[in-house]
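# Structural description and commentary
Spelled out from the first residue to the last, the chains are:
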Amino acid sequence: KAGVTQTPRYLIKTRGQQVTLSCSPISGHRSVSWYQQTPGQGLQFLFEYFSETQRNKGNFPGRFSGRQFSNSRSEMNVSTLELGDSALYLCASSFEGARGNTIYFGEGSWLTVV
Amino acid sequence: AQTVTQSQPEMSVQEAETVTLSCTYDTSESDYYLFWYKQPPSRQMILVIRQEAYKQQNATENRFSVNFQKAAKSFSLKISDSQLGDAAMYFCAYRTRGSGGGADGLTFGKGTHLIIQP
């Protein structure tokens, strides 16, 4: 059974550009959530999607957005990139979105903003 | 807002020995889940163990066990017979268990860097 797959794994963008990251959850998982990991702020929750609907959102500016497709795949977008957006972005999926269900993470997408 | 605190930025242990990583959390909820995740240099987060707050029995997974003290809001991880492959960052995480939808996402601690000395 394939795990959570994130693409691209590494990317470099210029300040002011936008970026889209993709996540394919484990087959059968309907909940997909996104996290940002930086040395300074640690791991922070961005948002969670379940059945194509955003169920909850962390404390991030509106430049961070996401969506989920009917096949549960998810994308997150960051517009007008800032240097501080450089981070590891982790996607996670879980079965049926129940809060206690095990949450599985992908390997992450490394974003560098220059 | 819930917070998770890991007071040990780094821990070192000899191979085959036992080590305990500390975690405390603050919440006004009565029903929730607690997790320990391991993040090796590859940076992939791997679930080590989970605990449901309504269960009094401490969770165990092979060499990994927890000491869950709900009243003290403490959730420590014990690793027995430490192995070189256990070297990693360990994160304690919290998630509420509410009714209906609207999951809150995981709240993570800052992590503990575990070093295994051969």
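Look above for the structure.
Treat the numbers as computed from the prediction; the structure is a model and nothing was measured.

Our focus in this paragraph is the pattern of salt bridges. Charged atoms that come close allow side chains of opposite charge to pair. Throughout the structure, instances matching the rule amount to 11 salt bridges over all chains. Across the salt bridge formed by Glu75(A) and Arg73(A), the nearest N and O atoms sit 3.3 Å from each other. One salt-bridge network, in which partners are shared between bridges, spans Glu48(A), Arg55(A) and Arg95(B).

All names here are of chain A. Mapping Asn77 onto the fold places it in strand β8 (residues 74-78). Among the polar contacts made by the side chain of Asn77, one reaches the main-chain carbonyl oxygen of Val19 at a distance of 3.2 Å. Of the polar contacts made by the side chain of Asn77, one reaches the side chain of Thr20; its length is 2.9 Å. With near-sequence residues (within four places) excluded, Asn77 lies in contact with Gln18, Val19, Thr20, Arg63, Phe64 and Ser65.

It is worth spelling out the nonpolar core at this point. With 25 residues, the main nonpolar core has Tyr25(B), Trp36(B), Phe75(B), Leu77(B), Tyr90(B) and Leu114(B) as its most contacted residues. Counting only elements with at least two residues in this core, the list comes to β3 (19-21), β5 (32-39), β6 (46-52), β8 (64-69), β9 (74-79), β10 (88-96) and β12 (112-117) of chain B. With 4 residues, β10(B) is the largest single contributor of residues to this core. Not counting the four nearest positions on each side in its chain, Tyr25(B) is found in contact with Thr3(B), Val4(B), Tyr32(B), Leu34(B), Phe68(B), Gln69(B), Lys70(B), Lys73(B), Ser74(B), Phe75(B) and Tyr94(B). If you look at the next biggest cluster of nonpolar residues, it comprises 21 residues, including Cys23(A), Val32(A), Phe47(A) and Val78(A).

All names here are of chain B. Enumeration over the complete set of coordinates arrives at 2 disulfides over all chains. One disulfide bridge connects Cys23 with Cys92, the sulfur atoms lying 2.0 Å from each other. Judged by the sign of its S-S torsion, about -70 degrees, the cystine formed by Cys23 and Cys92 is left-handed. Highlighted residues: Cys23 in the loop between β3 and β4 (24-26) and Cys92 in strand β10, separated in sequence by 69 residues. Accessibility expressed as a relative area gives 1% for Cys92, which makes it buried.

Hydrogen bonding along the main chain pairs the strands of a sheet, whether they run parallel or antiparallel. Residues and elements named next belong to chain A. As summarised here, the arrangement of the 4 strands in space is β1-β3-β8-β7, forming an open sheet in which the pairing is antiparallel. Each end of this open sheet is capped by a strand with a single partner; those strands are β1 (5-7) and β7 (64-68). Adjacent strand axes in the sheet meet at a mean angle of 20 degrees, parallel and antiparallel pairs treated alike. Here β1 pairs with strand β3 (residues 19-24) via 3 bridges, running antiparallel. For Thr7, the partnering residue across the bridge sits in β3 and is Ser22.

Quick notes on the rules
Residues numbered from 1 in each chain as written. Chains lettered and ligands numbered in written order. Predicted model: local features only at pLDDT ≥ 70, side-chain atom pairs only at ≥ 80, totals over all residues. Heavy atoms only, no water. Salt bridge = Lys/Arg side-chain N within 4 Å of Asp/Glu carboxyl O. Helix = DSSP H or I, 4+ residues; strand = E, 2+ residues; numbered from the N terminus. Polar contact = N/O pair within 3.5 Å; in protein donor to acceptor, adjacent residues only side chain to side chain. Contact = heavy atoms within 4.5 Å. Core = buried A, V, L, I, M, F, W, Y, C linked by side-chain atoms within 4.5 Å. Buried < 20%, exposed > 50% of the residue type's maximum accessible area, 1.4 Å probe, protein only. Disulfide = S-S within 2.5 Å. Pairing = 2+ DSSP bridges. Axes fitted to C-alpha atoms, helices over the stretch in contact; angles between N-to-C directions.

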